[in-house]
Amino acid sequence: MIVTELSAENIRTYRDHFPAVFIDEIEREYYRGLVGEDESTHGVKTAVFWELKNTEDDNAQTEAEIQWFFAENAKDGAALLKEIELVPEFDEIRRLFYELPDLGSVEKEALAAAGFSAEEAEGRDVYATIGELSTLNLAINKVPDYIKPLKEISSQQFKSGVMTSVFHGRYGLLEDLPFLPMTRFEPELSCCMITDAHVNGLLLVDRQMSGDYRVELLFAMQPEANIHLLQMMRYAVRVASKLCAPDEKVQFRRHNKASAQLVGKLFPGKKGIPVLRGVKKCTQGDLL
Amino acid sequence: MGETFKDFGQMLADIILYASTQNDAVNYFLYYSSIILTFSAAVGLIFLLILHPRIRKRERPEDKFMFWECVLVLILAGLDLFGSFAGFLPLDVMLFVVNYFSIVSEFLYMLAIMQWMVFVDYSLYHSKDHIRRCYKFAILPILVVMGFEIVQFITFHGPFEITDALITLVDVTKVLEIVVEYLFVLRAVQLVVSYRKETRQPRFLSLGAFIVPFIIGMLIRSYDAAMMAIGVLLTCVAASRRDWYLDRETNFYNRRFLQYLATYRDRNRYVGGNVILMKAPGRKEDMARILKESKPGGSSLVFMGDDTFLLLSESLRGSAVKMAVMVFTEAAEACDPPFTPAFETIKQGRNESAEAFVVRLTNEVENGVTPKGVTS
């Protein structure tokens, strides 16, 4: 099998074999991808994308999360997964993990063969429809005029707001937030809080390849940050109610304690979707 | 012995309730000492208004807040002094004037506490929008209480019979006034407590400088105007300490602040710190303007002299540094004429104290080390 590391330059060659969203994602700072081709036919037999996490965080170990994985057969899939460990920056990675819904049996077998654990579990992502969000109490009150949609601010203002967020260590779901353009985010659903002529809060929403919306950053400066967060959510829910169909879904990822508490308050009793979750611990001794 | 304690307790209660005690010596002492205190404090406020450069110029919002606070309390002190000498008026006129002035004084008293609370809030967060939003209706409780006071005034001085209901109204109004005053004070305390939980930045406020005199003034009502004035003076002195650490030209912090911050952080055992060092030779004003406009919210800037600036942060990932460098560089290149500042990141070591870090940082700046440009 020929293994090729994917990059912005070569990814279009393989675009028929994985979701189109990865054509953009591969250009992101911490996104990586590998594709395995048949030596004779050059047909794609397996492909994997992963994202590096905590690369700059001195207080946490560097990890890699598999974002998407496909294999025609378990043997080639396992071989490709092991190739991840040969990528040079793998020296830094201490843990390789995945949490994926709807994995096929071939992929499951490949992961097991590559040394990953597997358990069926409740996923970290909670989904709510636009219709459900509209019925929440937070949709009722008026939104103050210091909350503006993303489309009404300039790129410079956006960068300033992102800079404020990252200077406070707030990256949301996006390890590479400082490098992402404003155009990535939904211009009408995403919003910001402008106080004292500065962007001091951001709610960034992105549309996933599944068509669902995902909240990727929710940040506001003190004082009264919690009130401002609520106001931005109110705004987003109101706009979503007008622009989106009631059955369209929004994904809330419970990636830390604060987000888990927020989701718990907004949607008490709502559970995450079933996923297959697994991990492979890496030490320097595991390197081939 | 029991009788002595009872008399003493009664005297204290009379003092707190602003009534004359049974002891003439105590009454005279309270009367004259309150005049002396109020007069001295008023003179202090006048000197502050005339001589304090920041309050005189009122360029910054916190200086404006403090200016109006001083004016309010000065008027309060003036009314108090006038009331003390109102004895030369005919009795019925004196009663009318004293009661009228007491309504105005009470209004000013509550307003002064509210203004102090607003000053505390602004001193912590420096957000005018937040002040406008939060305190838009803060005066309403004061106006409601004043409504009660005016009703009492009209009833006492009008052709109405003084009934038990009216006496009760008087008592309720007094209680409401105290509740409103304490709520403002508690709000200020709550702001400072929240601030300490949210951030590790030092604050140049001393709540005790106002609250202690305020409580004394509440307990000894003869002293309330004087204690309010003393509280404002002490608050101003405490807040003015920050000016010692500010560079007059840029209004950023100066070198002295680094040492103060280091001591503060070591004392509180805060660890981790990063600095982006920026040099813009010959373009100090432009760089200062860019940093004021583009700096990340809640961060601190230090002007080291020689066109060198520092941006302080508790923790800084490489991507955040890159972003700051990119934003500042873009802004500098958009200037006329354009220029390119140089940047370097200096990190505090894991086991390095803040004091040692500041010494190292200052050495690097003073030895004229040229920043390497964008760090990766």
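Residues numbered from 1 in each chain as written. Chains lettered and ligands numbered in written order. Predicted model: local features only at pLDDT ≥ 70, side-chain atom pairs only at ≥ 80, totals over all residues. Heavy atoms only, no water.

(A) Summary view of the overall build of chain A. Looking only at helices and strands, one finds seven helices and 13 strands in chain A. Relative to the 2.2 N^0.38 estimate, which gives 19 Å for 288 residues, the radius of gyration of chain A is 20 Å and therefore close to what a compact globule would have. For chain A, the spread of C-alpha atoms along the principal axes amounts to about 60 × 35 × 35 Å. Relative to its full complement of 288 residues, chain A shows a buried share of 54%. Partitioning the contacts of chain A with sequence separation of at least 6, the portion at a separation of at least 24 is 69%. Accessible surface, chain A as shown: approximately 13300 Å² in total, 49% of it carbon and sulfur. (Helix = DSSP H or I, 4+ residues; strand = E, 2+ residues; numbered from the N terminus. Rg over C-alpha atoms; globule rule 2.2 N^0.38 Å. Buried < 20%, exposed > 50% of the residue type's maximum accessible area, 1.4 Å probe, protein only. Contact = heavy atoms within 4.5 Å. Areas by Shrake-Rupley, 256 points an atom, 1.4 Å probe, with all protein chains shown as cover.)

(B) A look at the interface of chain B and chain A. On the chain A side, the residues contacting the 35 residues of chain B number 29 residues. Both sides together, the interface formed by chain B and chain A hides about 2600 Å², and carbon and sulfur atoms give 55% of it. Here chain B and chain A share two salt bridges between them. Here K159(A) ties to E330(B) by a salt bridge, and the two come within 3.1 Å at their closest N and O atoms. Counting the contacts that link chain B with chain A gives ten residue pairs in polar contact (both at pLDDT 80 or more). (Buried area = accessible area lost by both parts, 1.4 Å probe. Salt bridge = Lys/Arg side-chain N within 4 Å of Asp/Glu carboxyl O. Polar contact = N/O pair within 3.5 Å; in protein donor to acceptor, adjacent residues only side chain to side chain.)

(C) Representation of the sheet that holds strand β10 (residues 198-207) of chain A. Residues and elements named next belong to chain A. Spatial ordering of the open sheet is given by β7-β12-β11-β10-β9-β8, a layout of six strands whose pairing is mixed. Only two strands of the sheet have a single neighbouring strand rather than two, namely β7 (125-129) and β8 (147-149). Direction aside, neighbouring strands of the sheet carry axes that sit 25° apart on average. Sheet strands in contact with helix α5 (residues 155-167) are β9 (191-195), β10 and β11 (213-220), and its direction is about 95° off that of β10. (Pairing = 2+ DSSP bridges. Axes fitted to C-alpha atoms, helices over the stretch in contact; angles between N-to-C directions.)

(D) Local environment of the nonpolar core. Counting 56 residues, the largest nonpolar core has L45(B), I113(B), W116(B), V120(B), L124(B), I142(B) and M228(B) as the members making the most contacts within it. Of all elements in the fold, only α2 (24-51), α4 (61-84), α5 (91-125), α7 (140-157), α8 (164-198), α9 (207-219) and α10 (224-240) of chain B reach the threshold of two or more residues within this core. Here the element with the most residues in this core is α5(B); it accounts for 16 residues. If sequence neighbours within four positions are ignored, I113(B) has contacts with E181(B), F184(B), V185(B), F210(B), F214(B) and M228(B). Judged by nonpolar contacts, the second largest core, of 45 residues, contains F167(A), Y171(A), I290(B) and V327(B). (Core = buried A, V, L, I, M, F, W, Y, C linked by side-chain atoms within 4.5 Å.)

(E) Summary view of the confidence of the model for chain B. Residue and element names in this part refer to chain B. Here chain B averages 86 in pLDDT, and 96% of its residues register 70 or above. In the model, residues 370-376 has pLDDT below 50 throughout and makes 17 contacts with residues more than four positions away in sequence or in other chains. If you check the scores for this complex, the pTM reads 0.87 and the ipTM reads 0.85. (pLDDT = per-residue confidence, 0-100.)

(F) Representation of a nonpolar patch on the surface. Residues and elements named next belong to chain B. A surface patch of nonpolar side chains, about 680 Å² in accessible area, is lined by V175, I178, V179, Y182, L183, L186, I215 and L219. Of all the secondary structure elements, the ones that give two or more residues to the nonpolar patch are α8 and α9. Element by element, the count of residues in the nonpolar patch is highest for α8, at six residues. Note on placement: I215 falls in helix α9. (Patch = residues over 30% accessible without salt bridge, like charges linked within 9 Å, V, L, I, M, F, W, Y side chains within 5 Å.)

(G) The pairing of β7(A), seen in detail. Residue and element names in this part refer to chain A. Here β7 lies mainly inside the structure; four of its five residues are buried. With five bridges joining them, β7 and strand β12 (residues 249-253) adopt antiparallel strand pairing. Considered in β12, the bridge of T129 is made with K249.

(H) Structural view of the sheet that holds strand β13 (residues 274-281) of chain A. Residues and elements named next belong to chain A. With respect to topology, seven strands assemble into an open sheet ordered β1-β2-β3-β4-β5-β13-β6, the strand pairing being mixed. Each edge of the sheet is formed by a strand with only one pairing partner; in this case those strands are β1 (2-5) and β6 (119-122). This sheet shows a mean twist of 30° between the axes of neighbouring strands, independent of strand direction. Contacts from helix α2 (residues 74-83) reach β1, β2 (31-37), β3 (44-53) and β4 (62-71) within the one sheet, and its direction differs from that of β3 by about 35°. Running over the sheet, helix α3 (residues 105-113) touches β4, β5 (93-100), β6 and β13 and is turned about 140° from β4.

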